[in-house]
Amino acid sequence: MSARALWLAFRSGLGGRQAFSTKGSGRITVEVIEHLERLALVDFGSREAVARLEKAIAFADRLREVDTDGVEPMESVLEDRCLYLRSDNVAEGNCAEELLQNSRQVVEEYFVAPPGNISLPKLGEQESFQHS
Amino acid sequence: MAAPMLRRVGLGRLWGFAWVDGGSGHRRGSPNGSTSSRRREQSSVAQQPLHTAQKPRKGGHKWAAVVGLEIHAQISSNSKLFSGSQVSFMAPPNSLVSFFDASLPGTLPVLNRRCVEAAVMTGLALNCHINKKSLFDRKHYFYSDLPAGYQITQQRLPIAANGSLTYGVFMGNKQSRMATKTVRIRQIQLEQDSGKSLHDDLRSQTLIDLNRAGVGLLEVVLEPDLCCGEEAAAVIKELQLILQALGTSQANMAEGQLRVDANISVHHPGEPLGVRTEVKNLNSIRFLAKAIDHEIQRQINELESGGEILNETRSFDCKLGCTVPMRDKEGKQDYRFMPEPNLPPLVLYDSASLPAGTESQQVINIDQIRDALPELPSATRERLVRRYGMLPEHSFTLLNEVGLLQFFQNVMKETRAEPKKVTSWVLNTLLGYLKHHNLAVSESSEKPHL
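If you check an unreviewed UniProt entry, chain B appears there as Glutamyl-tRNA(Gln) amidotransferase subunit B, mitochondrial isoform X4 from Octodon degus. The Sequence similarities (unreviewed entry) field of the UniProt record for chain B holds the comment "Belongs to the GatB/GatE family. GatB subfamily."

Chain A has the name Glutamyl-tRNA(Gln) amidotransferase subunit C, mitochondrial in an unreviewed UniProt entry, where Octodon degus is given as its organism. Per UniProt, chain A has the following entry under Sequence similarities (unreviewed entry): "Belongs to the GatC family." Checking UniProt for chain A, the heading Subunit (unreviewed entry) contains the comment "Subunit of the heterotrimeric GatCAB amidotransferase (AdT) complex, composed of A (QRSL1), B (GATB) and C (GATC) subunits."

Here's what the structure looks like:
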C-alpha cells in the first residue's frame, strides 16, 4: 500500500474522540486536522506532520508555566511603537502589465481564477481527489 | 452576552455563486468580523426546535420583526487604506493596484491618515465614543478577489463604538407627520475592501480586477433596533446625508460606495428572538425597504404554515421582488482572527493628552477634528425650521432631494417673497413638476430668479 493510503487508513481508524488536551499527551483529533486542512489549505500528509504539530504545540505550551498573575497582557510586540501615518497621496499603481505577468492565465488585463471556491472533498473521497 | 438573536453563524464566502459582481454584496459573504464574531461560532440552530415545536396559530397572534443593519461605506480618499494606489471608480482593470494590493511577498501595510480622520469624523458625527487606542486584525478566508487570503480589519477593538443615529420617519397615510427615532450604533471600524469578481459562467471562470482591493471602508454596525423596511430606509438615507455632509464617503449605493446587509428575524412579542437570515445584494434604498419587508413577510408565512427559518444568507432578486437563498457549500466559517503583526496599535489623542514636540502630521487630535466638523443634516434642518418657520417635514424633503436645498437657498437669496411661499412653491410646484417629468433638480431648466 502506498504511504498515502496507509495514512488515510490510519486517519479513518482514528475515529475515537480523543480529547484535544494541551497538557499531557497533546493528541490532536482527526476532526481538528480536517478542520485545519480545510481552513488553511495545508496538507497534513503524514503521521509525522501531525506529530510535528503536536510537538510544536507542546513547545508553545511551556509559556503557560510562566506566572502572569496581575500582569497586563500585551496587544502586540509593537505596542510601544508609533503607527506611521501616511499622507493621502497617490504614489503607487499603474503596473498592471507587471502584475499580470504573475498570473498563469489572463483575459484582457483581468486575472483569471476558477469559478468560485472548490471545497475540499471529505475524508474518504480524498484518495480519488489526489489522483484527479 | 447580549440577546440570543445576536448569536451568529458566519457563512463566510459564498461559493460558486454566479452573477456579475457590480460592486455590491459579493464580498460580504461574511456577516462581519465585528463584535458579532465573538458570537460567530455559536449556532442559532439551537433556536429552531422552539419554533417547530409550537403549533402555528393563525391570526390574533402578533408578530414583531427585528432588523439589524451592517453598512459598508467606501471612504472618500485619494489613495487606499494601506497603500498609495489611487481610489477611483472607473479605471482600466488592475491599473490602480500596487504590489501590496496584489499581496506580493515583501510588502507591508502603511496606514493612510485621511482614512483615520474619516473614521473619527464619522464616529463623532454618530455620537460614538472614540477609542483612543484601536487595533488591527486579520480575518482569514479564501476567495480569488482577496489576494492575501485575509482582510485587515478591526475585530478586537474598533476605532469607535456605542453611538446613535437619530432619524425621521414619515407617519400616517398622507406622510404628513414626522416622528423622530433613534437607532444605536454598535461600532465603527476601518477595514479593507476586496477586489471585484466577474463571473464568466460560459467559460467556467472568474475574472478578477483588483482596483478595488485595499480601498478603505468604514463598517458601521447598528444594533437591531429597527422593525421594518421603512425604518431601515430612513436610517440609511440619514446615514448617507451625514456621510455626504462630512465628505467621508460619497455613499452612492448604485456605485457600490455604500453597501447594506440586513439581518432579519421575527418573533412573537414576549417570546425569544427568532432565527435570523441575512439579506444581501441591496443596491438601492428602495430595494432595501422592499427586500426587508418581503423577508419579514416570508418568515411570517413560513412560520405560520408550520415551517422553520434557516439561518442562511439570502439575496434580493429585484425582478422577482423577493429574496432567494444564496448557494453556499460551507456552513460555519472560521475566520481565525489574529492580530495584524505588521501594525502597532492606532493611538489617537485629544488636546489634553497630545504629546509635546510631536510632528503634527503624525498625530491625530480628536478635539481638533470635532471642532472642524461641518454642519450635520440634523443641524441644517433645525436651522431651516428656525429661520424660515417651515415644518420639520419640509426640512426633511428639502434635504432628501439632491440639489433641492441649494436651489431653495438660491431662491431665498434672490427673492423678497415670504419664506413660507417659497417653501410651498419649491416643495409642491417645483418638486411636483420634477417628479412628474422624472427630472433631478440639476436637470431642470428652472432658474432661481423670480
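Draft legend 1. Layout of the overall build of chain B. From N to C terminus, chain B includes ten helices and 17 strands. When each of the 450 residues of chain B is scored for burial, the buried share is 57%. In chain B, the share of contacts with a sequence separation of at least 24, taken over all contacts with a separation of at least 6, comes to 73%. Accessible area for chain B stands at about 18800 Å²; split by element, carbon and sulfur atoms hold 52% of it.

Draft legend 2. Looking closely at the layout of surface pockets. Roughly 860 Å³ of internal volume is contained in the largest pocket. Residue lining of the largest pocket: 33 residues in total, with B:K237, B:L241, B:L399, B:N400 and B:E401 positioned closest to the centre. Counting only elements with at least two residues in the lining of the largest pocket, the list comes to β7 (160-171), α4 (229-246), α5 (285-304), α7 (377-388), α8 (392-400) and α9 (404-414) of chain B. Take the lining of the largest pocket: its biggest share by element is nine residues, from α4(B). Space inside the second largest pocket adds up to approximately 610 Å³. If you go around the second largest pocket, you meet 24 residues; those closest to its centre are A:V112, A:A113, A:P114, B:S144 and B:I208. Listed by contribution, the elements that provide at least two residues to the lining of the second largest pocket are β3 (110-113) of chain A together with β10 (205-209) of chain B. With three residues, β3(A) is the single largest residue contributor to the lining of the second largest pocket.

Draft legend 3. Just unusual backbone geometry, in detail. With a phi angle near 70°, A:E109 is a residue other than glycine that sits in the positive phi range. Residue position: A:E109 is located in the loop between β2 (106-107) and β3. For A:E109, a relative accessible area of 38% puts it in the partly exposed group. The residue B:R336 is not glycine, and still its phi comes out positive at about 45°. As for its placement among the helices and strands, B:R336 is situated in the loop between β15 (322-325) and β16 (338-339). The exposure class assigned to B:R336 is partly exposed, which follows from its relative accessible area of 30%.

Draft legend 4. Broad picture of the pattern of salt bridges. Going through the model one piece at a time under the given rule, you end up with 22 salt bridges over all chains. Of the charged contacts in the structure, one is a salt bridge between A:E54 and A:R47, with a shortest N-O distance of 3.8 Å. Look at A:E54 and you get buried, because its relative accessible area is 12%. By relative accessible area, which is 27% here, A:R47 ends up partly exposed. Notably, a salt bridge pairs B:R381 with B:E238, separated by 2.7 Å at the nearest N-O pair. With B:R381 in helix α7 and B:E238 in helix α4, this residue pair connects regions lying 143 residues apart in the sequence. Classification of B:R381 by relative accessible area gives buried; the value is 6%.

Draft legend 5. Highlighting a negative patch on the surface. A contiguous patch of negative charge, built from A:E97, A:E98, A:E108 and A:E109, is present on the exposed surface. Structurally, A:E97 can be placed in helix α4 (residues 96-100).

Draft legend 6. View of the domain arrangement of chain B. All names here are of chain B. Taken as a whole, chain B is organised into domain 1 (64-339) and domain 2 (375-449). Taking only C-alpha atoms into account, the centre of domain 1 sits 31 Å from that of domain 2. Both faces combined, the contact of domain 1 with domain 2 buries some 870 Å², and carbon together with sulfur accounts for 67% of it. Summed over the shared surface of domain 1 and domain 2, the result is one salt bridge. In this assembly, domain 1 and domain 2 are joined by three residue pairs in polar contact (both at pLDDT 80 or more). Elements with a minimum of two residues in the side of domain 1 that touches domain 2: β7, β8 (177-192) and α4. No other element matches α4, which puts six residues into the side of domain 1 that touches domain 2. Among the residues forming the side of domain 1 that touches domain 2, the class breakdown is seven nonpolar, two polar and three charged.

Draft legend 7. Representation of the interface of chain B and chain A in the model. If you look at the interface, chain B gives 57 residues, while chain A gives 40 residues. Taking both partners together, chain B and chain A bury about 4100 Å²; carbon and sulfur atoms supply 58% of that area. Its largest share of buried area at the contact with chain A, chain B owes to B:F142, B:P344 and B:Q362, together 13% of the area lost on that side. On inspection of chain B and its partner chain A, the count reaches 18 residue pairs in polar contact (both at pLDDT 80 or more).

Draft legend 8. Here's a closer look at the nonpolar core. Among the nonpolar cores identified, the biggest contains 76 residues, and B:L69, B:V116 and B:L190 are the most heavily contacted of them. Beyond its immediate chain neighbours, meaning those up to four positions away, B:L190 contacts B:I75, B:L81, B:C115, B:V116, B:A119, B:F136, B:I152, B:T153, B:Q154, B:I159, B:L217 and B:L218.

Thresholds applied
- Residues numbered from 1 in each chain as written.
- Chains lettered and ligands numbered in written order.
- Predicted model: local features only at pLDDT ≥ 70, side-chain atom pairs only at ≥ 80, totals over all residues.
- Heavy atoms only, no water.
- UniProt positions renumbered as here; feature names shortened; annotations may be inferred.
- Helix = DSSP H or I, 4+ residues; strand = E, 2+ residues; numbered from the N terminus.
- Buried < 20%, exposed > 50% of the residue type's maximum accessible area, 1.4 Å probe, protein only.
- Contact = heavy atoms within 4.5 Å.
- Areas by Shrake-Rupley, 256 points an atom, 1.4 Å probe, with all protein chains shown as cover.
- 1 Å grid on protein atoms, 1.4 Å probe; cavity = no way out; pocket = protein on both sides within 12 Å on 5 of 7 lines; lining within 4 Å.
- Points joined across faces, edges and corners; volume = space filled by probe spheres on them.
- Salt bridge = Lys/Arg side-chain N within 4 Å of Asp/Glu carboxyl O.
- Patch = residues over 30% accessible without salt bridge, like charges linked within 9 Å, V, L, I, M, F, W, Y side chains within 5 Å.
- Lys, Arg positive; Asp, Glu negative; His and termini not counted.
- Charge placed at Lys NZ, Arg CZ, Asp CG, Glu CD.
- Domains from an automatic or database assignment.
- Buried area = accessible area lost by both parts, 1.4 Å probe.
- Polar contact = N/O pair within 3.5 Å; in protein donor to acceptor, adjacent residues only side chain to side chain.
- Nonpolar A, V, L, I, M, F, W, Y, C, P; charged D, E, K, R; others polar.
- Core = buried A, V, L, I, M, F, W, Y, C linked by side-chain atoms within 4.5 Å.

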